[in-house]
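Examining the three-dimensional arrangement
Residue strings, one per chain:
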Protein chains: 4
Amino acid sequence: MKLRLGMIGGGQGAFIGAVHRIAARIDDEYELVCGAFSSNAEKSKASGVLLGLSADRVYTSYTELIEKEKQLPEDQRVQVISIVTPNHVHFDPAKAALENGFHVVLDKPMTFSLAEAKELEKVVAASGKLFCLTHTYTGYPMVKEAKQLIKAGKLGAIRKVYVEYPQGWLSSFLEGDDNKQASWRTDPGKSGIAGAMGDIGTHAFNLAEYVTGLEVTQICADINVVVPGRKLDDDGAALLKFNNGASGVLTATQIAAGEENNVKIRVYGEKGGLEWHQSDANSLTLMYTDKPMEVWRTGGGYTSSFAQHNTRTPAGHPEGYLEAFANLYRNFALTVKAGLEGKEATAEEQDYPGIQEGVRGMAFIENVIASGKSDKKWTEFTI
Amino acid sequence: MKLRLGMIGGGQGAFIGAVHRIAARIDDEYELVCGAFSSNAEKSKASGVLLGLSADRVYTSYTELIEKEKQLPEDQRVQVISIVTPNHVHFDPAKAALENGFHVVLDKPMTFSLAEAKELEKVVAASGKLFCLTHTYTGYPMVKEAKQLIKAGKLGAIRKVYVEYPQGWLSSFLEGDDNKQASWRTDPGKSGIAGAMGDIGTHAFNLAEYVTGLEVTQICADINVVVPGRKLDDDGAALLKFNNGASGVLTATQIAAGEENNVKIRVYGEKGGLEWHQSDANSLTLMYTDKPMEVWRTGGGYTSSFAQHNTRTPAGHPEGYLEAFANLYRNFALTVKAGLEGKEATAEEQDYPGIQEGVRGMAFIENVIASGKSDKKWTEFTI
Amino acid sequence: MKLRLGMIGGGQGAFIGAVHRIAARIDDEYELVCGAFSSNAEKSKASGVLLGLSADRVYTSYTELIEKEKQLPEDQRVQVISIVTPNHVHFDPAKAALENGFHVVLDKPMTFSLAEAKELEKVVAASGKLFCLTHTYTGYPMVKEAKQLIKAGKLGAIRKVYVEYPQGWLSSFLEGDDNKQASWRTDPGKSGIAGAMGDIGTHAFNLAEYVTGLEVTQICADINVVVPGRKLDDDGAALLKFNNGASGVLTATQIAAGEENNVKIRVYGEKGGLEWHQSDANSLTLMYTDKPMEVWRTGGGYTSSFAQHNTRTPAGHPEGYLEAFANLYRNFALTVKAGLEGKEATAEEQDYPGIQEGVRGMAFIENVIASGKSDKKWTEFTI
Amino acid sequence: MKLRLGMIGGGQGAFIGAVHRIAARIDDEYELVCGAFSSNAEKSKASGVLLGLSADRVYTSYTELIEKEKQLPEDQRVQVISIVTPNHVHFDPAKAALENGFHVVLDKPMTFSLAEAKELEKVVAASGKLFCLTHTYTGYPMVKEAKQLIKAGKLGAIRKVYVEYPQGWLSSFLEGDDNKQASWRTDPGKSGIAGAMGDIGTHAFNLAEYVTGLEVTQICADINVVVPGRKLDDDGAALLKFNNGASGVLTATQIAAGEENNVKIRVYGEKGGLEWHQSDANSLTLMYTDKPMEVWRTGGGYTSSFAQHNTRTPAGHPEGYLEAFANLYRNFALTVKAGLEGKEATAEEQDYPGIQEGVRGMAFIENVIASGKSDKKWTEFTI
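Per chain, residue numbering runs from 1 following the sequence as it is written. Numbering of ligands from 1 and lettering of chains from A proceed in the order in which they are written. Residue-level local features of this predicted model are given only where pLDDT is at least 70; pairs of side-chain atoms are given and counted only at 80 or more, and the full residue set underlies all totals for whole chains, interfaces and linings. Computation of side-chain values covers all heavy atoms of the structure but excludes hydrogens and water.

A separate point is the overall build of chain A. Check the secondary structure of chain A and you find 12 helices and 14 strands. For chain A, the C-alpha radius of gyration of 20 Å lies close to 21 Å, the compact-globule estimate for 383 residues. Across its three principal directions, the C-alpha atoms of chain A cover 65 × 50 × 40 Å. Each residue is placed in one exposure class: buried if its accessible area under a 1.4 Å probe, protein chains only, is under 20% of its type's maximum, exposed if it is over 50%, and partly exposed if it falls in between. Among the 383 residues that make up chain A, the fraction classed as buried is 67%. By definition, any uninterrupted DSSP run of H or I lasting at least four residues is a helix, any uninterrupted run of E lasting at least two residues is a strand, and each is numbered from the N terminus. We take the radius of gyration over the C-alpha atoms and set the globule estimate at 2.2 Å times the residue count to the 0.38 power.

For this document, the term salt bridge refers to a Lys or Arg side-chain nitrogen within 4 Å of an Asp or Glu carboxyl oxygen. In total, this model carries 92 salt bridges over all chains according to the counting rule given. Between R266(B) and E164(B) there is a salt bridge, and its shortest N-O distance comes to 3.8 Å. With R266(B) in strand β10 (residues 264-269) and E164(B) in strand β6 (residues 158-166), this residue pair connects regions lying 102 residues apart in the sequence. Assessed through its relative accessible area of 5%, R266(B) is described here as buried. Given the relative accessible area of 7%, E164(B) is considered buried. Each of E164(A), R266(A), E164(C) and R266(C) takes part in one network of salt bridges that share partners.

This part is about the interface of chain D and chain B. Think of interface size as the accessible area that goes away when the parts come together; that is how it is often given. Facing 43 residues of chain D, the contacting portion of chain B comprises 44 residues. What counts as buried area is the accessible surface, traced by a 1.4 Å probe, that two parts surrender upon association, with contributions from both included. Of the roughly 3100 Å² buried where chain D meets chain B, counting both sides, 51% is carbon and sulfur surface. Applying the counting rule to chain D against chain B returns six salt bridges. Across the salt bridge formed by D235(D) and K160(B), the nearest N and O atoms sit 2.6 Å from each other. Under this definition, polar contacts are N or O atom pairs within 3.5 Å; protein pairs additionally need one hydrogen-donor-capable and one acceptor-capable atom, and for neighbouring residues in sequence, both atoms have to be side-chain atoms. Our enumeration of links across chain D and chain B arrives at 24 residue pairs in polar contact (both at pLDDT 80 or more). Among the secondary structure elements, those contributing two or more residues to the side of chain D that touches chain B are β6 (158-166), β7 (216-224), β8 (235-242), β9 (247-253), β10 (264-269), β11 (272-277), β12 (283-288) and α12 (355-373) of chain D. The criterion used for residue contact is that any of the two residues' heavy atoms lie within 4.5 Å.

Another point: the packing of aromatic side chains. Two numbers describe a pair of aromatic rings. These are the distance of the centres and the angle of the planes. Pairing of aromatic rings covers Phe, Tyr and the six-membered ring of Trp, with a centre-to-centre limit of 6.5 Å; geometry is then stacked below 30 degrees between planes, edge-to-face above 60, and tilted otherwise. Evaluated as defined, the whole model comprises 44 aromatic pairs over all chains. With a centroid separation of 5.1 Å and an interplanar angle of 50 degrees, the aromatic rings of Y140(B) and W276(B) are classed as tilted. Of this pair, Y140(B) sits in the loop between β5 (131-133) and α6 (141-151) while W276(B) sits in strand β11 (residues 272-277), and the two are 136 residues apart along the sequence. Accessibility expressed as a relative area gives 0% for Y140(B), which makes it buried. W276(B) gets classed as buried once you look at its relative accessible area, which sits at 0%. For the ring pair Y137(D) and Y321(D), a centre distance of 6.3 Å and an interplane angle of 45 degrees mean the geometry is tilted. Of the two residues, Y137(D) is situated in the loop between β5 (131-133) and α6 (141-151) and Y321(D) in helix α11 (residues 321-340); the sequence distance between them amounts to 184 residues. Take Y137(D) and Y321(D): they sit in the same class, and that class is buried.

Opposite the 29 residues of chain B that make contact, chain A presents 28 residues. Of the roughly 2500 Å² buried where chain B meets chain A, counting both sides, 55% is carbon and sulfur surface. Area buried by chain B at its contact with chain A is led by R25(B), E260(B) and H317(B), which between them contribute 23% of it. Between chain B and chain A we count four salt bridges in total. A salt bridge links R297(A) to E260(B), with the shortest nitrogen-to-oxygen separation between them at 2.7 Å. At the surface where chain B touches chain A, the tally comes to 16 residue pairs in polar contact (both at pLDDT 80 or more). For the side of chain B that touches chain A, the elements supplying multiple residues, two or more each, are α1 (16-26) and α11 (321-340) of chain B. The element best represented in the side of chain B that touches chain A is α1(B), accounting for four residues. Residues are grouped as follows: Ala, Val, Leu, Ile, Met, Phe, Trp, Tyr, Cys and Pro are nonpolar; Asp, Glu, Lys and Arg are charged; all remaining types, including Gly, are polar. Among the residues forming the side of chain B that touches chain A, the class breakdown is 14 nonpolar, seven polar and eight charged.

Here we come to the relation of the copies chain D and chain B. Fitting of the copies onto one another was done by least squares over C-alpha atoms, counting residues only where both copies have pLDDT of at least 70. The operation relating chain D to chain B is a screw motion whose rotation component is 180 degrees, with 0.0 Å of axial translation and a residual RMSD of 0.0 Å. Interpreted geometrically, this transformation is the action of a two-fold axis. Closest to the rotation axis within chain D is the C-alpha of K377(D), separated from it by 2.0 Å. The overlap is high: 100% of the interface residues of chain D also sit at the interface in chain B, so the same surface is used on both sides.

It is worth spelling out helix α1 (residues 16-26) of chain A at this point. The element α1(A) is extensively covered by neighbouring structure, given that 10 of its 11 residues are classed as buried. In this structure, the buried residues of α1(A) make contact with β1 (3-8), β2 (30-36), β3 (80-83), β4 (103-106) and α11 (321-340) of chain A together with α1 of chain B. Downstream of α1(A) by a residue or two, D28(A) has a phi angle that is positive, lying close to 65 degrees.

The pairing of strands in a sheet comes from backbone hydrogen bonds and takes either a parallel or an antiparallel form. Residues and elements named next belong to chain B. Being paired, for any two strands, means DSSP has found at least two bridges between them. Taken in spatial order, the five strands make up an open sheet running β2-β1-β3-β4-β5, and their pairing is parallel. Each edge of the open sheet carries a strand with a single partner, namely β2 (30-36) and β5. Between one strand axis and the next, the sheet turns through 20 degrees on average, direction left out of account. Taken strand by strand, helix α4 (residues 91-99) contacts β1 (3-8), β3 (80-83), β4 (103-106) and β5, and its axis lies near 160 degrees from that of β4. Each axis is a line fitted through C-alpha atoms, taken for helices only over the stretch in contact, and angles between the N-to-C directions span 0 to 180 degrees.

On to the UniProt feature "domain: GFO/IDH/MocA-like oxidoreductase" (unreviewed entry) in chain A. UniProt positions are given in the numbering used here, feature names are shortened, and annotations may be inferred rather than shown by experiment. In the numbering adopted here, UniProt assigns the feature "domain: GFO/IDH/MocA-like oxidoreductase" (unreviewed entry) to residues 144-275 of chain A. The straight-line gap between the two end C-alpha atoms of residues 144-275 of chain A is 12 Å; of that span, 27% is helix and 33% is strand.

On to the relation of the copies chain B and chain A, then. Aligned on chain A, chain B shows an RMSD of 0.0 Å; the corresponding rotation is 180 degrees and the shift along the axis is 0.0 Å. Looking at chain B, 97% of its interface residues are interface residues in chain A too, so the copies touch through the same face.

Residues annotated in UniProt with the feature "domain: Gfo/Idh/MocA-like oxidoreductase N-terminal" (unreviewed entry) correspond here to residues 4-132 of chain A. Structurally, residues 4-132 of chain A is divided into 42% helix and 17% strand, and its ends, taken at the C-alpha atoms, are 16 Å apart.

Given below as structure tokens:
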């Protein structure tokens, strides 16, 4: 049985919408049944046709989508709604979808502001519906393995965390050209108060908290607008303190010319350390003071149930970004289905980012930007 | 418009059938409409149900599938049939499908014997239908880039080719246990005259000919059965001569304990060399005698139209094995569709392995095994 | 003609003294003629004997060494004195050596305090003697290449610098055992006000300023004592501002369990970026927004005169840490010899760290520790 | 106490002579006291002066060197003679040196022919002197570790060996220019019957036998002269059989354009495999079918006494080619000294290549060239 999926945003030319659709298709857990792909009616229709939808289920607004779908018989009606619009159009459709009985998948960062995030948290709770936030990198099998190994005490108490997300694509003033991605991501009216920190800093932040199981408590940030004329930060670094006393460093930049998307995390504890980076996503390096380094690999028979549950191919056949993304969709589907069947989803199935991660991500944005403007060294991480 | 896809083989528990289905889904060019997933009727039905097929289009044999589908109206009838059975059940269903008007996707090695392959070549020609053989590794963007760079003369005339496919999974007598994959792949009645040489040696051979654009003309092979009790080769190496005078070395083994699937090719010409290997599939290394090495990357704006056509995500978001596989399916679909629309598919779209590659692959198997048994050093590569 | 070399410190069991001696031997520019290897007379003698010195030129103190050597005929007298004692015994012997007419090689960090460093700067100037500080990593050919490429504008104006020095060897309370290296390096009476920041933070700082040609102007540091009972910092991170407006991040830690000595630098400018790390010391990666990455290699015929001058073996025969160290000694020798011959040493020969680097390194220590204690975010980098 | 070292060959402009001298200096076990650096008297003198030798111990021929040195008092006379001439001038000076009571270090390949090698074996035996052949790559700590791990059964019985030595420097007809290295190495009158197979094929062969502890028993070779006009092979590949039934592949080429000197070995046994390559010389990768890969590192506290004995610096400070070479010199010196002191050298000290390795290396050359010319597949490895 496939879940009936609808999409808000993601019309022709959009980047992340296409990624969401591939991710939803890979494991055959969803069937795309409707969408409001663009506020431009023609564009929305054209996008829907290309996707093979019947014309009557292609809408021009999320409100129309929700209203019309609600009128459909329960066994035809959309069940899960994916929202892949720019940040300023996250909260309203998510709230509407949840309040009208639909499960929601939402792209990150979760909302336009922390206030919206906290409001959405209440909406989710009140709705009783399920909610998934697409922090892709936590979908990688070896990222899940890292979390499980740390949880099992393999490294001892955690002392140091380095997390980084280097990009170079905004090294020049792309938003001056007709670059759709650059334009909205550097526009405070669409992205919110942060640029790089919102777009990729939140990924780094989420990765650090997910892998370590710790929470950031203090931030000291250096936030920069490097490219002249840009309206939002395109570079930043933050010193971090965690709730167990560990410290860390987070960097996120979009002006590291030549860098692609090599998001990377390193964590060190009393007994050893580990490293994962996206450019070798199927390897997880463990290191020790007294024995050889180990390289754990996606597909290895020795990996945890969490890693194996999120692996499709035999070791050595690399799984990539789309499979990591698909893991979020698949786990969310399995959890939704378990609910429909009145069962409890397994821990592995429930291991996808949700509303808590979204609230903390938005708090990260507000705190890191506040710290960047402050003369004081440490800013308390408040929500 | 999606192409209607049927599948022969690939029931529950099969490895490669699931891979084919994911590959067909990723780009949304196909809709699975029917299947004969197993010769066991119950198992076939169960598999079909899990895949969401209507029960009346789940068959228990390829003959039934072809017969029944032919009776359906043209706009409902399956258009492309994927055959994912063990080698001994390739020729008959492929021939039947083609002769009854269906396009065919066939897993490698193409047939049980070279004789069958040559016969199938005639069948394809006579049918006027399209045919795709799933040599996955040629679907990687950076493998395509390698081919294009060599074709453009970037390395000068080719002098040396090293290609290897190391696996370790058959290091022990797995077929003695109840291991389905190991059992049929080491069974001469199902795999044919070759084990490792057929299963992965053909991939290496195909990769070498695809990337260089050359043809092997002579072989000198050392073929081994390493694990006691095994019935087919699990290891081999071959010295090669190519039609331009270049020489090469091909190795394929399933007893390199600890190796996963790091298929790798290195090619050297008068002016430089290149290297690609699956464990870093999105990089292509070019090296020169007089300037720095270069690392070309999937998604790079500087890559060829062939690489870019086969890339979905921005550089640095790794695409893997399933995307490479999907590229075969997508290109085949685009070529089929162009035909349906009376258009010529582009060179990029037509760049998928076909019947010629299949015949040469089967010739490789027969020649390499013959060479392995010969006391003479060089065996002419004959078809 | 070999320069006559003397050594202060570096008796049996010392680590860095042995490294200095190998470095001095590799290129045959020095002959070790005398030493005061230990304040323990017997140990000093024993060390000298093992090194093949004549007994009358093995001394028990640096004062004795200087006094006695001065009495020797000019053509027998030591010419260059290497000082390889712990930090608290740097200034006095260096001052005495310089003021008595000897050239000096000194291990880093230069002195016990910034005040001493500034005093030593005056001593050097007044003495007219030459001075070398052994910041080893700037001796690597590919680090020199990085500097030259940036100087030539290959990356455009520099915007971002990441430099890191991760170690794990002080993850436990080694100084509680009888570990000589750990004991003095964590002892404020011997190391000064800083532990990790002095021992390896100065290397990272020096590397950043050397490669970029920029100067740090502001620091915001998080300085930690992680291992209970330790008296000096064993971990730290600092946000940096440079004199051209670029920003950076420096991390240095000795509690990253499992890390060896993979010092690493990444620099990004308007047009591209570069990366060098010690674990692949003979490679320098250049990356661009619009063309393939390049890997420049030690020994490449295309490298600069600076890289080639510091390379001994054909490309692909790795040169390592000892060769990098030897490059400092060799360049210093060539510069000393040029002076003896009344010639100007070449730019390549003069490219070794000296008194300026030492003063700035000590200023780094004082500023980074002050910042670590401050509630203010930014500390001006003052000397 | 330093051993008194003399050198035959290695005058100004020679490559390998300078490498030998650095190797001999690094560990301070030798003092260069005399040499016959060139058959050109002036060049020999000039070379000697540059090396700081007294003029009366710089000779113009090896016969003069041996004759004159024999007349010196025993405590001044040279003790170890290094011979670094082209291959055709190996046997005579080595024989003369041994027969006159000197220990010998000889560059590889050992002699001009196998006949000479077998003769030299007798000379060594009769002389009672010690003999070292400089197969550099066996001097790397991680190569030694590989041997020890295999010896200890870590991989189980060995089944497959891949060894390769790819170079690109002879991709063009360098010997047509005034390139000294290229000229003698491609000249049958100086190199013998083999080019690439003698120069680097012997290294690969030696590495395979050293690491595995096995002996090659059969060869099937493809030997090529790729560059037009060249007189000796510049490329080759050989299928191998070992005395325990294992098989292997050896490749050595000098026309792999863009390759440096990345000699590499991979060995697989019943339980796992290992890989070492020179471009990451301080790492040794172990892989298993049932647990994570391990990366063993030079300097790791967990490494064998053989690895640790051949390591100078803490882990992470890379040791390279010159240190590997120095390990041969150092171990030979320690063995010579033990003899002088009437003691037995340790197993670690005696672990350097000697006359047996030299005879087998020359047999490899003759067998592989014979196989290359043969129509028969397998050539017995005969000595």
